[in-house]
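Residue strings, one per chain:
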Amino acid sequence: MTEFKPHPLEIVPAGEAADIERVTEMQIAIMKQHQDPSKRGQHPKQQALLRGVFEVSENVPETMRVGIFSKPQKFDALVRMSTGLLPKDSDPQAHGCAIKLLDVPGSPTGTQDFIMLDGSTFFIRDVADYVSFFTATSNGCPAEFFASHRREFGLSSAFNVVVASHLDRQYWAELPIAMGEGAGRLTLIPDVSNTSGRMAASTPDGLKDALVDFFVTQRREATYTFGVQPYIDERNTPIEDATSVWGTPFEALATLTIEPQDFTAPGQYEFCENLSYTPWHCHPDHQPLGGIQRCRKRVYEESQKLRHSLNKAEDREPTSDELACLGPVLDKAAA
Ligand code: HEM
C-alpha cells in the first residue's frame, strides 16, 4: 500500500506506533479466536452491495475545491451496507455504509473510499485509549474502561440502535480527512424520499428484506447529499481527538444516487466479500487524519490480508468495467 507522510495538521504522539501494533495484534487475535476470520473483523454482516453514481456538485465552496471535488464530475460507486458483530438485525447496533468510488484519477489505487456509520461521533479519543478499551473488552470487561471514561460510555450508547432500513439513516465518517491543505469531516444525508415506511427490524434479516423490498420489489431509487464540515483550527475542530464534536455547519459537495437494481444476483455477495474498503484508498488530497485513522491503516490492511488469504482471493481494487458482473439496474417504478 502507498506510504503517506504525516499531514501538517497532524500531531503524532510519542509511542503511537507501538500502540498501533498492539491494536492490530489484538484485532487479529480476536478474529482468529472468537470470530470467523474469513469475514471482516468488524462490520462482517453484508446487507447489500449496491452500484451507485456519485456526482460532484457545480457549487462546491471555493475552499473545498480540491482532489476529487476540484471540478464537477461523476464517478461509479460500489456501496456496501453492513451491520456489526451481532448476527440479528433486531439487535441494537451500528449500521455501516461504505462507498468506493471507481476509476479516480490521481488516486494511487484508482479508488476513493468513504467509510461511514450512523453515529456522528466516535467513542474512543486516540490510539492509547483504544489499547485500554480493547484490553478491557478482550478480558470480557469493557466496564473496566468505561468506569474511568464516562463520556466515552455515553458516546458508545449512540451506536446501539435498531432501525427500519439503512436507506433512511444519516451516516458520518466521524474522523477527519485532508481537503488539500485544510481538512473536513464528512456526512451522507438521506433524501426524505428514501423513507421505507417500515417498522424497526424485528427479524434476524429484516434489514436485508427492507433493501430487497425497496430496490427489487418496489423498484425505487435512493438519493443522498454528501457534505463536509470544514476544519477551522485545532481549538474548535481538533484533529487528534476523535471524540470531539465539531460545531461547523455542513456544506454540500456531491450527491449519491442508487438506482433500482437486483443486488441479489448470483456471485454478487461473494464479489463484495472480497472487496477491501479502507479510508487509505484515497486521492493524496484526502489523506485520513488523526491517530485513529493512522491506526486503521495497519488494522484494515492486516484484517484484509488475513481474510483474502483464507478466501484465496486477490487483493486488488475494482474498476468500472467490473460493474457488468453485478445484477442489472431495473426500470424505475412509475410514480
Ligand atoms: C481504531 C479504530 C478502528 C478499528 C480498530 C477498526 C477495525 C475495523 C476492521 C478490522 C474492519 C474490517 C476490515 C476488513 O477486513 O475489510 C473494519 C471495517 C469497518 N469499519 Fe472500522 N475500525 C475502527 C474505526 C472505525 C470508525 C471510526 C468507523 C466509522 C466511521 C468504522 C467503520 C467501519 C465500517 C463501516 C466497516 C465495514 C467496511 C466495509 O463495508 O467493508 N471503523 N473496521
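See above for the structure.
Residues numbered from 1 in each chain as written. Predicted model: local features only at pLDDT ≥ 70, side-chain atom pairs only at ≥ 80, totals over all residues.

Trainee: Explain the overall build of the chain to me, please; I cannot follow it from the model alone.
Mentor: Across its full length, the chain holds seven helices and nine strands. Expected size for 335 residues packed as a compact globule is a radius of gyration near 20 Å; at 19 Å, the chain falls within 12% of this value. Its C-alpha atoms give the chain principal-axis dimensions of about 60 × 45 × 40 Å. A burial count over the chain gives 42% of its 335 residues as buried. (Helix = DSSP H or I, 4+ residues; strand = E, 2+ residues; numbered from the N terminus. Rg over C-alpha atoms; globule rule 2.2 N^0.38 Å. Buried ≥ 20, exposed ≤ 12 C-beta atoms within 10 Å, placed from the backbone.)

Trainee: I tried to follow helix H2 (residues 127-138) on my own but got confused; where do I start?
Mentor: Note that an α-helix has 3.6 residues per turn; residues three or four places apart therefore point the same way. Over its 12 residues, H2 runs 16 Å from end to end, which matches the ideal 16 Å to within 8%, given 1.5 Å per residue. Of the residues making up H2, those classed as buried are Val-127, Tyr-130, Val-131, Phe-133 and Phe-134. Looking at the buried residues of H2, the elements they touch are helix H1 (16-34), helix H3 (143-146) and helix H7 (291-310). After H2 finishes, the residue Gly-140 shows a positive phi value of roughly 75°. (Expected span 1.5 Å × (residues − 1). Contact = placed C-beta atoms within 7 Å.)

Trainee: Would you explain the nonpolar core in this entry?
Mentor: Counting 75 residues, the largest nonpolar core has Ala-77, Ile-99, Met-116, Tyr-130 and Leu-256 as the members making the most contacts within it. In this structure, Tyr-130 is in contact with Val-23, Ile-124, Ile-292 and Cys-295, ignoring residues within four places of it in sequence. (Core = buried A, V, L, I, M, F, W, Y, C linked by C-beta atoms within 7 Å.)

Trainee: Sorry, what's going on with the pairing of strand S8 (residues 222-230) here?
Mentor: Successive residues of a regular strand alternate their side chains across the two faces of the sheet. Pairing geometry for strand S7 (residues 182-190) and S8, over seven bridges, is antiparallel. Bridge pairing in S8 places Leu-186 opposite Val-228. Two elements, S8 and strand S9 (residues 251-258), share seven bridges in a ladder whose sense is antiparallel. The partner of Gly-227 across the bridge, within S9, is Ala-252. (Pairing = 2+ DSSP bridges.)

Trainee: Help me understand the pairing of strand S2 (residues 74-83) in this model?
Mentor: With eight of its 10 residues buried, S2 lies for the most part within the structure. Here strand S1 (residues 45-56) pairs with S2 via 10 bridges, running antiparallel. Each residue of the ladder has a partner; that of Glu-55, found in S2, is Lys-74. Bridging between S2 and strand S3 (residues 95-101) involves seven bridges; their strand directions are antiparallel. Residue pairing across strands places Ala-77 opposite Leu-101, the latter belonging to S3.

Trainee: Got a minute to help me understand the site of the ligand in this structure?
Mentor: Near the ligand there are 28 residues, and of these Gly-41, Gln-42, His-43, Gly-96 and Ser-303 occur at the shortest range. The set of elements that each furnish at least two residues to the shell around the ligand consists of H1, S2, S3, strand S4 (112-117) and H7. Top contributing element to the shell around the ligand by residue count: H7, with eight residues. (Near = placed C-beta within 6 Å.)

Trainee: I tried to follow the packing of H1 against H2 on my own but got confused; where do I start?
Mentor: In the contact formed by H1 and H2, the axes pass within 9 Å of each other and the chain directions differ by 30°. The angle between H1 and H2 falls in the class roughly parallel. At the point where H1 passes H2, the crossing takes the left-handed sense. Between H1 and H2, the residues in contact are Glu-16, Asp-19, Ile-20, Arg-22, Val-23, Met-26 and Ile-30 and Val-127, Ala-128, Tyr-130, Val-131, Phe-134 and Ser-138, respectively. Each residue belonging to the contact of H1 with H2 can be placed in one class, and the counts come to nine nonpolar, one polar and three charged. (Axes fitted to C-alpha atoms, helices over the stretch in contact; angles between N-to-C directions. Parallel < 35°, antiparallel > 145°, perpendicular 65-115°, else oblique. Left-handed = near helix turned anticlockwise from the far one by under 90°. Nonpolar A, V, L, I, M, F, W, Y, C, P; charged D, E, K, R; others polar.)

Trainee: Looking at this structure, how should I read the environment of Ala-222?
Mentor: Secondary-structure assignment places Ala-222 in strand S8. On a C-alpha basis, the gap between Ala-222 and Val-192 in space is 9.4 Å, while along the polypeptide they are 30 residues apart. When neighbours within four sequence positions are excluded, Ala-222 is seen to be in contact with Leu-167, Asn-194 and Ile-258.

Trainee: What's the story with unusual backbone geometry in this structure? I'm lost.
Mentor: Although it is not a glycine, His-43 sits at a positive phi angle of roughly 50°. Positive phi is not limited to glycine here, since Glu-174 has a value of about 70°. Examined against the element boundaries, Glu-174 turns out to sit in the loop between strand S5 (171-172) and strand S6 (177-179).

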